[in-house]
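# What the coordinates show
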There are 2 protein chains.
Amino acid sequence: MSWLDTVKWDRDGLVPVIAQEVGSNDVLMFAFMNREALAKTAELGRAVYWSRSRQRLWHKGEESGHVQQVHEIRLDCDEDVVLLKVTQLGHEPGIACHTGRHSCFFRKLDGDTWRNVEPVLKDPAEIYK
Amino acid sequence: MSWLDTVKWDRDGLVPVIAQEVGSNDVLMFAFMNREALAKTAELGRAVYWSRSRQRLWHKGEESGHVQQVHEIRLDCDEDVVLLKVTQLGHEPGIACHTGRHSCFFRKLDGDTWRNVEPVLKDPAEIYK
């Protein structure tokens, strides 16, 4: 039995994945993997996700150059969520978000308003050209 | 328009939620919220999830006493994932996992084997009695 069989894949054959930065412990992003993506991630030591919008494997950084080097792969108690410990490469400080921010979690609830509280480190027009 | 309308709820009316510990930045757990759970979380300053297995609101700590005090509520770029910054109450150090561990992400991939790498801080039989 493969370690991939331990993972409880959802009804779409996917597992939710949290990417956390080694060192800062910042939560960078959240995405999904299918079995092939998780196998590739372990094999390459680089994060490979499943793009639900494009319905294909998505090698993180394939367009942006913002590759994620994977140090650890963790699984939760229910075996249905994966946590990656990564170094966010390609820019200093690391940019994980397609908006050019360090982390995708840049909106903070302030009273009854979502406020953007993280700076754009690089113009997305410069990242995706 | 309510801040709750900004959230892109999935086909089941849920949003994935990551709970991260303030200070250590450890990722403690992953769960889901429906609209009512997220509204309650913001109102109470305590994490309230939606239990998919029990199909009801789940006030985190209602049985275990391991309540999560919520300091920040964040939303990601796609507005479909929530990140909570919490203090894990009820035990020192905090226990977020029903297995009695600090974090639910205690299995680490080592070659082709998942290994438990985090200690049990309290016997679950003592937590849920």
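So, a few notes on the structure that sits alongside this text.

What chain A contains, in helices and strands, is three helices and eight strands. Listing each helix as α and each strand as β along chain A from the N terminus yields α-β-β-α-β-β-β-β-β-β-α. Counting only C-alpha atoms and orienting by the principal axes, one finds that chain A spans roughly 45 × 35 × 30 Å. By residue count, 51% of the 129 residues in chain A fall in the buried class. Summarising the internal contacts of chain A: among those between residues at least 6 apart in sequence, 43% fall at separations of at least 24. Within the structure as shown, chain A displays about 6000 Å² of accessible surface, and the carbon and sulfur contribution to it stands at 46%.

Before going further, it helps to examine the pairing of strand β6 (residues 82-88) of chain B. Residue and element names in this part refer to chain B. Counting buried residues along β6, six of its seven residues qualify, which places the element largely inside the surrounding structure. Both strand β1 (residues 14-21) and β6 contribute to a ladder of five bridges, which runs parallel. From the neighbouring strand, I18 faces β6, where its bridge partner is L83. Sheet topology note: the strand β5 (residues 68-75)/β6 ladder contains seven bridges and is antiparallel. Residue pairing in the sheet places V70 in a bridge with V86 of β6. Counting the residues in the hairpin turn of β5 and β6 gives six residues, including E79, whose phi is positive at 60°.

Taken together, the contact pairs 40 residues of chain A with 40 residues of chain B. Summed over both partners, the interface of chain A with chain B comes to about 3400 Å²; 62% of that surface belongs to carbon and sulfur atoms. One can count eight salt bridges joining chain A with chain B. With its nearest N and O atoms 3.6 Å apart, the salt bridge here joins E79(B) to R107(A). Where chain A touches chain B, the interface holds 24 residue pairs in polar contact (both at pLDDT 80 or more). Elements represented by at least two residues in the side of chain A that touches chain B include exactly α1 (3-6), β1 (14-21), β2 (27-34), β5 (68-75), β6 (82-88) and β7 (107-110) of chain A. A total of four residues in the side of chain A that touches chain B trace back to one element, the largest contributor, which is β5(A). Along the lines of polarity and charge, the residues of the side of chain A that touches chain B split into 20 nonpolar, six polar and 14 charged. Relative to β5(B), β7(A) is paired through two bridges, and the arrangement is antiparallel. The partner of R107(A) across the bridge, within β5(B), is L75(B).

Below, the discussion takes up the sheet that holds strand β8 (residues 113-116) of chain A. One key point about sheets: their strands pair by backbone hydrogen bonds, in either a parallel or an antiparallel sense. Reading across from one edge, β8(A)-β7(A)-β5(B)-β6(B)-β1(B)-β2(B) is the order of the six strands in this open sheet, with mixed pairing throughout. The two strands at the open ends of the sheet, each matched to only one other strand, are β8 of chain A together with β2 (27-34) of chain B. Taken over all neighbouring pairs, the strand axes of this sheet differ in orientation by 35° on average, direction set aside. Note: β7(A) against β8(A), four bridges, orientation antiparallel. Considered in β8(A), the bridge of R107(A) is made with N116(A). Its contacts with the sheet place helix α2 (residues 35-44) of chain B against β7 of chain A together with β2, β5 and β6 of chain B, and it is angled at close to 120° to β2(B).

The next thing to look at is α2(B). All names here are of chain B. Within the span of α2, buried status applies to A37, L38 and T41. Here the buried residues of α2 occupy an arc of 95° about the axis, which is enough to place them on one side. Check the buried side of α2 and you find it contacts α1 (3-6), β2, β3 (48-51), β4 (56-59), β5 and β6. Remark: G45 follows α2 within two positions and exhibits a positive phi of approximately 70°.

On to the nonpolar core. Counting 77 residues, the largest nonpolar core has I18(A), Y49(A), L84(A), I18(B), Y49(B) and L84(B) as the members making the most contacts within it. Residue contacts for L84(A): discarding those within four places in its chain leaves V17(A), I18(A), A19(A), Q20(A), M33(A), T41(A), A47(A), Y49(A), V70(A), E72(A) and I73(A).

As a further point, take the relation of the copies chain A and chain B. The transform that puts chain A on chain B rotates by 180° and translates by 0.0 Å along the axis, for an RMSD of 0.0 Å. Expressed as an axis order, the relation between the two copies is that of a two-fold axis. In terms of proximity to the rotation axis, the leading residue of chain A is N25(A), whose C-alpha is 2.7 Å off the axis. When the interface residues of chain A are mapped onto chain B, 100% of them again lie at the interface, so the same face is used by both copies.

Cut-offs and rules
- Residues numbered from 1 in each chain as written.
- Chains lettered and ligands numbered in written order.
- Predicted model: local features only at pLDDT ≥ 70, side-chain atom pairs only at ≥ 80, totals over all residues.
- Heavy atoms only, no water.
- Helix = DSSP H or I, 4+ residues; strand = E, 2+ residues; numbered from the N terminus.
- Buried < 20%, exposed > 50% of the residue type's maximum accessible area, 1.4 Å probe, protein only.
- Contact = heavy atoms within 4.5 Å.
- Areas by Shrake-Rupley, 256 points an atom, 1.4 Å probe, with all protein chains shown as cover.
- Pairing = 2+ DSSP bridges.
- Buried area = accessible area lost by both parts, 1.4 Å probe.
- Salt bridge = Lys/Arg side-chain N within 4 Å of Asp/Glu carboxyl O.
- Polar contact = N/O pair within 3.5 Å; in protein donor to acceptor, adjacent residues only side chain to side chain.
- Nonpolar A, V, L, I, M, F, W, Y, C, P; charged D, E, K, R; others polar.
- Axes fitted to C-alpha atoms, helices over the stretch in contact; angles between N-to-C directions.
- Arc of directions from axis to C-beta.
- Core = buried A, V, L, I, M, F, W, Y, C linked by side-chain atoms within 4.5 Å.
- Least-squares fit on C-alpha atoms with pLDDT ≥ 70 in both.

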